[in-house]
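One-letter residues, chain by chain:
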Amino acid sequence: MVGVLAFHGTIIHCAAATETKILKDTLLVVTPDGRLSHVKHGVPESDVHNALSQLQLPEPPNLRVLSQTEFLIPGFVDTHNHAPQWAQRGLGGGLHILEWLEQITFPNEARFEDPEHARKIYSSCVDGFIKQGVTTCSYYGSLHGEATKILADICLAKGQRALIGKCNMNRNAPDYYRDKDAAESIAVTKDVIDHVRALNASGALIKPILTPRFAICCDDELLENLGSLATQNPDLPIQTHFNEAQQEIDATLSLFPSFKNEADLYDHYGLLTNRSILAHCTIMTDYEIDKLRHADSGVAHCPIANTTVGGGFMAAPIGKFLEKGIKVGLGTDSGGGFSSSILDVIRQAIIVSNARHLMTGEPALSVWQCFYLATLGGARVCSLEDKIGNFQVGKDFDALVIRTETDGVMTMLQAQDNVEMIFEKFLISGDDRNIAEVYVRGRQVKGMSSSPV
């Protein structure tokens, strides 16, 4: 592990969904095991060394002093991501969801039977997301156990926090790309779970996650067995697609005619819990919204994918979810969209919410709410809010150093710009070139910091 780290400058984070704090002259101290031990506000730069000396630290810290146009924010959380789709991004726009799976996605994911192919794509994938400030990611793997283990190995080696799941799918997929039966699917899933737990027994960085692709691709036996696994392993999160598009909803209910909605279906099989990450949730009845609220399930909002692939402009009722107290985070779902950037997801979330407001009168999202969704909101969806999401003492130091004066496309700064204006310019016009440094559990995984002061 690294030694003691200290940062001084402006930090920006969310204490709650409606509370973004911009705090100047803040001193943060990070312990060698990667946790925040001290956060002191109102410390002028001239008094930093004196303030540090009073903390009685076990060793002199490596101090990083941020400039007036730099600031620290929590790492981005991607709550819905298909790692095998990294190399197919940009393909299949305009296709409805089931045709997109058949023509583009299933043939691509089938290639992950080859471990070397998996290693090549997953290395690029994890590097790409770290570069863009994604410190935590909830990954769907392919159905292949060996490839999914490789994804876990890579995340751990590169230092990205991740939930990693073997994709379960034993029907309504091509013969060349589906589990042989429920028994095989569960056996491979258990093997992947054992592998991930053995790699990182504490679960401090990577954890396994149960991953039924969606009910269309899982028969009753497989859903029942996955529900049993969830019950037997209360530490295991769950992820699946939920009410993504009308075509998908119609197909699901035709396969499960005893259910009138997907909420009751997943609840019946024990997969609608406070550990469930439900991707999309674009077409929702009031009954289903209340069902999610009572279960305390989380929503992975993927506005880029929902307006690129699937069949129509699908605007999820995020404002209504937040009003109801439902957990919501952002997802790139990058294989189904035009960008793998959480910054782009923030922007598209604003656009989609404006459209939803025009259509329904529901409240639109502000840029500050979307920043919350990208950080603390995503942490809550992934059941990690006790570890990450903001700069609270005791949490892990997952953070980004944002540098706003650098070559790139971000809106130029002006002398009269205050920190709030500079931060808004970054969220709306910045890109990965402005993400100068990335830290996960105190370990720097992108960029080279300045020399210690």
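Here the structure is a predicted model, which is why all the values come from computation and not from measurement.

Conventions used here
- Residues numbered from 1 in each chain as written.
- Predicted model: local features only at pLDDT ≥ 70, side-chain atom pairs only at ≥ 80, totals over all residues.
- Heavy atoms only, no water.
- Salt bridge = Lys/Arg side-chain N within 4 Å of Asp/Glu carboxyl O.
- Helix = DSSP H or I, 4+ residues; strand = E, 2+ residues; numbered from the N terminus.
- Buried < 20%, exposed > 50% of the residue type's maximum accessible area, 1.4 Å probe, protein only.
- Contact = heavy atoms within 4.5 Å.
- Pairing = 2+ DSSP bridges.
- Right-handed = clockwise from strand over helix to strand, strands pointing away.
- Core = buried A, V, L, I, M, F, W, Y, C linked by side-chain atoms within 4.5 Å.
- Domains from an automatic or database assignment.
- Polar contact = N/O pair within 3.5 Å; in protein donor to acceptor, adjacent residues only side chain to side chain.
- Phe/Tyr/Trp six-rings, centres within 6.5 Å; stacked < 30°, edge-to-face > 60°.

Caption draft 1: The arrangement of the pattern of salt bridges in detail. For the structure shown, the criterion picks out 27 salt bridges. One salt bridge in this structure joins Asp-398 and Arg-161, with 2.9 Å as the shortest N-O distance. One end of the pair, Asp-398, is in the loop between helix H13 (367-381) and strand E16 (399-403); the other, Arg-161, is in strand E8 (residues 161-165), and 237 residues separate them in sequence. On the basis of relative accessible area, Asp-398 is assigned to the buried category, the value being 5%. When its relative accessible area of 2% is taken as the criterion, Arg-161 is described as buried. The structure contains a network of salt bridges with shared partners spanning Arg-64, Glu-70, Arg-403 and Glu-437.

Caption draft 2: Representation of the environment of Asp-264. Along the chain, Asp-264 falls in helix H8 (residues 262-268). In this structure the C-alpha to C-alpha distance between Asp-264 and Phe-426, which are 162 residues apart in sequence, comes to 41 Å. Discounting residues that sit within four places of it in the chain, Asp-264 has contacts with Phe-259, Tyr-287 and Lys-291.

Caption draft 3: Expanded view of the pairing of strand E7 (residues 134-140). Where burial is concerned, most of E7 is hidden: 7 out of the 7 residues are buried. Two elements, strand E6 (residues 76-82) and E7, share 5 bridges in a ladder whose sense is parallel. Opposite Phe-76, over in E7, you have Val-134 as the bridge partner. In this region the chain leaves E7, passes through helix H4 (residues 145-158) and returns to the parallel neighbour E8; the handedness of that crossover is right-handed.

Caption draft 4: Representation of the nonpolar core. Counting residues in each nonpolar core, the largest one holds 111 residues, and the members touching the most others are Ile-73, Tyr-139 and Phe-426. Here this core spans two domains, since at least three of its residues come from each of domain 1 (5-74 + 392-446) and domain 2 (76-382). Sequence-distant contacts of Phe-426, that is, excluding residues within four places in its chain, are made with Phe-71, Ile-73, Leu-343, Arg-347, Ile-402, Met-410, Asp-431, Asn-434 and Ile-435. Core analysis: the second largest hydrophobic core is formed by 15 residues, Leu-5, Leu-28, Leu-72 and Phe-397 among them.

Caption draft 5: Spatial organisation of the side chain of His-144. In this fold, His-144 is placed in the loop between E7 and H4. Taking relative accessible area as the criterion, His-144 reaches 13% and is therefore assigned buried. Within polar-contact distance, the side chain of His-144 engages the side chain of Ser-142 at 2.9 Å. Discounting residues that sit within four places of it in the chain, His-144 has contacts with Glu-109, Ala-110, Phe-112, Glu-113 and Tyr-177.

Caption draft 6: Representation of the packing of aromatic side chains. Applying the stated criterion across every chain, the model contains 15 aromatic pairs. Measuring from centroid to centroid gives 6.3 Å for Phe-71 and Phe-426, while their planes differ by 75 degrees, and the two rings are edge-to-face. Linking Phe-71 in strand E5 (residues 70-74) with Phe-426 in helix H14 (residues 419-429), this pair joins segments that are 355 residues apart in sequence. We classify Phe-426 as buried; its relative accessible area is 0%. Seen in terms of ring centroids, Trp-86 and Phe-129 are 5.1 Å apart; in terms of plane orientation they differ by 55 degrees. Their pairing is tilted. Of the two residues, Trp-86 is situated in the loop between E6 and helix H2 (97-110) and Phe-129 in helix H3 (residues 115-131); the sequence distance between them amounts to 43 residues. With relative accessibility at 10%, the residue Trp-86 sits in the buried group.

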